Each structure stands twice: as structure tokens, then as C-alpha cells.
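# Geometric and topological summary
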Amino acid sequence: MLFMSHYLSIILFTPLAGALLLLLIDKQNESAIRWVANIVAFIGFLVSVPLWFWFTPQGPDFQFVERAPWIPSVGAEWDAITERVKEYYIFLLVLQTGMLGAFMSLDFLLFFLFWEVMLVPMYFLIGIWGSANRLYSAIKFFLYTLVGSVIMLLGILALYFAYHNDPANLGAYSFDITRYQKYAFAANLQWWVFLAFFLGFAIKVPMFPFHTWLPDAHTDAPTAGSVILAAVLLKMGTYGFLRFSLPILPEASRQFVPMMVLLSIIGIVYGALVALAQKDWKRLVAYSSVSHMAMVMLGMFALNPVGITGSIIQQLNHGISTGALFLLVGIVYERRHTRDISEYGGLSKVMPVYAAVFLIMTMSSIGLPTLNGFIGEFLILQGVFVASKVWAAFAASGVVLGAAYMLYLYQRTMFGKVENPKNERLLDLSHREFATFAPLLILAVWMGIYPAPFLHRLETSVQHIILRVSPQYAAKYAECNPLPTPEVVAASSNPAAKFLSAMPCDANGNPLPAAAGRP
């Protein structure tokens, strides 16, 4: 079917079509602009839902792939934005297109194009609709990211010409990522390209010491900008390491483990300690992102199956919990126009529903069992412990410090007496605002109680990465969970049954006793 063969393109260009549609609406008709933009964004989500059911977790190759000639061979701020509404929503939809394109691209140059497309609308969202120091924060964000992008492009070009110059490739010119992931680049080239990619991706994560743009950008961005930064844009950096650095540069990835681990541990502890000292509500959440994303990187560079799985799950968790926390900050900021923690206190008495949602998301961020944050942190700690008990000890300290600054924040803002008269008549969450949080609350509980569907969809992808970067697991995987061939997947009416009938393994790929079975 033509429709099915271009399904990713439909998802990719739905927000861009919405942005073009907004150009036709009179900028004075702000209500219509808001409705159209949010409906288009919601449609973009709806059309992507079938992928969850159509995706075959055990498929050995990329799925829903479209190939075409390239180079031969958000309801969160319904009333918060009152100026230049039309341009605001156009930038949001263009940003959504850039993010989707970067995740979908299997061509390196196309990936870089979408990577750069994301930079421009976010710059304007911060620079035009941000708060007091918006121009400084926007320029800082732009320059940091641009420097990393330019150096990353040099690394891409180095791979491009190295692949072409290999006689075995018959002089082919290609930016095809799937070819690069199966090709063995020279070790010395991998070393330099890893550093080039590291700078581009580490700035985006952001890792210590490239994190200084993040608190400013988060603090001065409009609420929707902060949510997108936390939920998606930061994940572009971790996605880059997972999609490109580990499978394409496996030898270099192993060589740089000490450096990556050291920077991650510093980021975990440093981010948590600085968050604990913050007086600005939004900056506290921003620095918590530095600590949480450092935990994600530590799990990733444990270079074992359970650590990488935990790293990916924790990226999803961070988007849910921290995105919700930024929404919560934005709501009280709209009502009080201050983010100073000392200005609040006793809000649970005047905003009980708000306080309940804030409590759930605080517990999610901390990693309370039965909520989504727990499973990610547990898997990361388990994977890191296998690699090094010392690394695990530092990672655990970040969990403890995370609980400290989040509970301290909640105690200062929600409990006690309402001593500030300006807080006595604050409105609780409206139905529209609660509807914004409802899917996040559902996901937080679902992933905490029953994470199996998410973990199951990651198994084969994690195996592909591990077999490239940690070859010592190859024999274990071959014995436990042999990857089905495309013919097996196509011939089986239930390929998952074939996969699950293989010999069971533990989280690190070690065969279990026959009696243990697979849960």
C-alpha cells in the first residue's frame, strides 16, 4: 500500500503542514491559531500511535524504512502566550518536524539537516517569548549547539570519505547509516570521529562541563520551550551516542569509557548538589536534568545490556517526570509571575489538586517504586554495578541527593502556612490544565507497575548495539536469544513466540538454569 510505504513521512510532515496552514490564518484570530496548532500537534501524535502496534520487537532490521534519492550514490501555554501567537505556534510545529526528522533519518546528511532545523525555532522561542534574560540565553544556546554541530559535521564527512576510499566499497559515496553500522572503520579514525561526535552530542545532553547553557535556556524559555527541551531535545544527544557512536565507532567507544564515566559521575553529583542550593524553582528543575541525564550516560557506558536498557528507559522517564515538573512551574509562574521558592509555601491548602499532581511527579523524579522513575534507575544501577561497584556507589549517591532536593522543594512550596497574602487566592488546576497532566500521570503509573511492553520493544535494538560495542556478549546472545532472520519473521504469524521460546537469559545475557524459565 502506498499509504503504508510512506507512513513515516506522513508523521514527519504533519506538523509542518500545520505550520503552513497557520500562515493562512489572520494573525488577529488568536483563538483559531491556538485551536489549529494544538489540533495539528494532537493529530501528529495520533497518527504515530499505530507504530506501537505495528512494530515487531524481534525484527532484525530497521522497520517502516523509506528510501529515496538524496545525494547520488501544545496545550501547556494556551493563555500564556499573548503576543505574536501565530509565529509562536509556527515555530513550535517546525520544531516538532525537525525533532521527528532527526529521529527518523537513516542518512547522515539528512540527520544533520534536521539536527540544524531544530536549532533555529528553539532559538526564536527562547529569544522572543522567553523571560528577562532571554536574548543572552538564546544566543548562548545557539552558539553552544552550533559549535558542536560544526565539529560533528566534520566527523560525518571523515566517515563519508573513509568509506569511499576503501577499495572494498568500489568507490561508493554514501551517507547511509545502516552501511556504516556494519562497516569496520580504522581504529585511529574512530578515535578522532568519536571526539567530534562527542562534542556535538555531549553539548546537547548536556554533559559536564558543557552543561552551562542548559540552566539559562530552561529558566528563560517559555514553559512549552522548557518542556520540549527536557522531554525531547536533550535526548537528541543520548540518541546520537546510541545510534551512531556506539555501533559505528565501537572500538573508540570502549577506549573512551573511563572519560565518559568520569564526566557522568561528576555530572550526577555536581548537578544534584547545585540543584539543592537553588532558590529559583525552575533552575532547580533544570539542574536536576543535568544530574538525571548524567545518570543516563553512566548507564549507557556501562556497555552491558541491562545498563543500556535502563539508560533508554530512563530517557523516557525523564521526559515524563521533568517535563511535568516544568509544566507545574509554569502554572504557578502564570499565576504569580515569580519563580522564587521563598515566595511560596502552603500551596497544598489553596491548590490541593495541583499539590497532588506535583507530589506524584516528585515521587516519579525521585524513583519511588510503582512509578516510572524506579525501573529506569534500578536497571541503570544494576548494569553499572556489574561494570564497577565504585561507579554504582557514586550513581547511588545521585539518587539520594535527588530525593533530598526534590523533597526539600516540595516541603518549602507545598507545606506550612500560607504566609504570603498573594498566595491565598491562587486558582487550582483548571480542567484543561489537568487534562494536560492526565496522560503523563497515566504513563508514570503504567511504566512503574508494568514496564514489560516498553522493555520488550527494546530487546532486539539493545542486542544489536551490544553485539557491536561489547563483543564478549556475542556468544551469550547466540546461545540465549538468536536474532530471527527476515525470512523467519515474515514466515511466522507470531514471531514473538519464536523469540520467547529461545533459551532464557538474565538481564546481562547470561543463560539461566533450565528450571528458571522466562517470566
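Residues numbered from 1 in each chain as written. Predicted model: local features only at pLDDT ≥ 70, side-chain atom pairs only at ≥ 80, totals over all residues. Heavy atoms only, no water.

## Overview of the overall build of the chain
- Scanning the chain from terminus to terminus reveals 24 helices and 0 strands.
- Within the span of the chain, comprising 519 residues, buried residues form 55% of the whole.
- Here the chain has roughly 21800 Å² of accessible surface; of this, 69% comes from carbon and sulfur atoms. (Helix = DSSP H or I, 4+ residues; strand = E, 2+ residues; numbered from the N terminus. Buried < 20%, exposed > 50% of the residue type's maximum accessible area, 1.4 Å probe, protein only. Areas by Shrake-Rupley, 256 points an atom, 1.4 Å probe, with all protein chains shown as cover.)

## Overview of the packing of helix H15 (residues 305–336) against helix H21 (residues 452–469)
- Direction vectors running N to C along H15 and H21 enclose 130 degrees, while the axes themselves pass 10 Å from each other. The angle between the axes of H15 and H21 places the two elements in the oblique class. Judged by the twist between their axes, the crossing of H15 over H21 is right-handed. Here H15 contributes Pro305, Ile308, Thr309, Ile312, Ile313 and Leu316 to the contact with H21, which in turn contributes Phe454, Leu455, Leu458, Val462, Ile465 and Ile466.
- Classifying every residue of the contact of H15 with H21 by side-chain character gives 11 nonpolar, 1 polar and no charged. (Axes fitted to C-alpha atoms, helices over the stretch in contact; angles between N-to-C directions. Parallel < 35°, antiparallel > 145°, perpendicular 65-115°, else oblique. Left-handed = near helix turned anticlockwise from the far one by under 90°. Contact = heavy atoms within 4.5 Å. Nonpolar A, V, L, I, M, F, W, Y, C, P; charged D, E, K, R; others polar.)

## Topic: the packing of aromatic side chains
- Applying the stated criterion to the full structure yields 41 aromatic pairs.
- Note on Phe91 and Trp129: the rings are 6.1 Å apart at their centroids and 65 degrees apart in plane angle, and the pair reads as edge-to-face. On the criterion of sequence distance, the pair formed by Phe91 in helix H5 (residues 85–104) and Trp129 in helix H6 (residues 108–129) is long-range, its members being 38 residues apart.
- Note on Phe241 and Phe301: the rings are 5.9 Å apart at their centroids and 85 degrees apart in plane angle, and the pair reads as edge-to-face. Taken as a pair, Phe241 in helix H11 (residues 223–248) and Phe301 in the loop between helix H14 (281–300) and H15 lie far apart in primary sequence, 60 residues in all. For the pair Phe241 and Phe301, a shared accessibility class is recorded, and that class is buried. (Phe/Tyr/Trp six-rings, centres within 6.5 Å; stacked < 30°, edge-to-face > 60°.)

## As for the nonpolar core
- In this structure, Phe108, Phe197, Phe241, Trp281, Phe301 and Tyr354 are the most contacted members of the largest nonpolar core, which totals 150 residues.
- Looking at this core, the element that brings in the most residues is H11, giving 14 residues.
- Among all residues touching Trp281, those that are not within four sequence positions of it are Val329, Val332, Arg339, Ile341, Tyr344, Tyr354, Phe358, Leu409, Thr413 and Met414. (Core = buried A, V, L, I, M, F, W, Y, C linked by side-chain atoms within 4.5 Å.)

## Remarks on the environment of Ser430
- Here Ser430 is to be found in the loop between helix H19 (389–414) and helix H20 (431–449).
- C-alpha separation for the pair Ser430 and Val353, spaced 77 residues apart in sequence, amounts to 9.5 Å.

## Considering unusual backbone geometry
- Val205 connects to Pro206 through a cis peptide bond whose omega is -10 degrees.
- Note that Pro206 resides in the loop between helix H9 (187–204) and helix H10 (213–220).
- That bond from Phe208 to Pro209 is cis: its omega, 5 degrees, falls within 30 degrees of zero.
- Structurally, the position occupied by Pro209 is in the loop between H9 and H10.
- Positioned with a positive phi, Leu303 is a non-glycine residue whose angle comes to about 55 degrees.

## Quick look at H5
- Here H5 contains 20 residues, and its C-alpha end-to-end distance of 29 Å stays within 8% of the 28 Å for a straight helix at 1.5 Å per residue.
- Most of H5 is tucked away: 14 of the 20 residues are buried. (Expected span 1.5 Å × (residues − 1).)

## Topic: the confidence of the model for the chain
- Here the chain averages 82 in pLDDT, while 84% of its residues score no lower than 70.
- The least confident element of the chain is helix H24 (residues 495–500), whose mean pLDDT is 35; the most confident is helix H13 (residues 257–276), at 94.
- A low-confidence stretch, residues 482–504 stays under pLDDT 50, and its non-local contacts, those more than four residues away or across chains, total 40 contacts.
- Every residue in residues 511–519 scores below 50 in pLDDT, and together they form 15 contacts with partners more than four places removed in sequence or on other chains. (pLDDT = per-residue confidence, 0-100.)

## A look at a nonpolar patch on the surface
- Among the surface-exposed residues, Phe42, Phe45, Leu46, Val49 and Phe53 lie close enough to one another that they form a single nonpolar patch of about 510 Å² accessible area.
- Residue contributions to the nonpolar patch peak at 3 residues, all from helix H3 (residues 30–48).
- One can find Phe45 in helix H3.
- Among the residues examined, Phe45 registers a relative accessible area of 46% and is labelled partly exposed. (Patch = residues over 30% accessible without salt bridge, like charges linked within 9 Å, V, L, I, M, F, W, Y side chains within 5 Å. Salt bridge = Lys/Arg side-chain N within 4 Å of Asp/Glu carboxyl O.)

## What about H13?
- In this model, H13 (20 residues) spans 28 Å end to end at C-alpha, consistent with the 28 Å of a helix rising 1.5 Å per residue.
- Burial in H13 covers these residues: Val257, Met260, Val261, Leu263, Ser264, Ile265, Gly267, Ile268, Gly271, Ala272, Val274 and Ala275.
- Buried residues along H13 sit against H9, H11, helix H12 (250–255), H14 and H19.

## Structural notes on the packing of H5 against H11
- With their axes 11 Å apart at the nearest point, H5 and H11 run at an angle of 20 degrees to one another. On the basis of the axis angle, H5 is roughly parallel to H11. Our pair here, H5 against H11, has a crossing hand that is left-handed. Each of Tyr88, Leu92, Leu95, Met99, Ala102 and Phe103 in H5 lies in contact with H11, whose residues at this interface are Ala224, Ile228, Val232, Leu233, Met236 and Tyr239.
- Split into classes, the residues belonging to the contact of H5 with H11 amount to 12 nonpolar, no polar and no charged.

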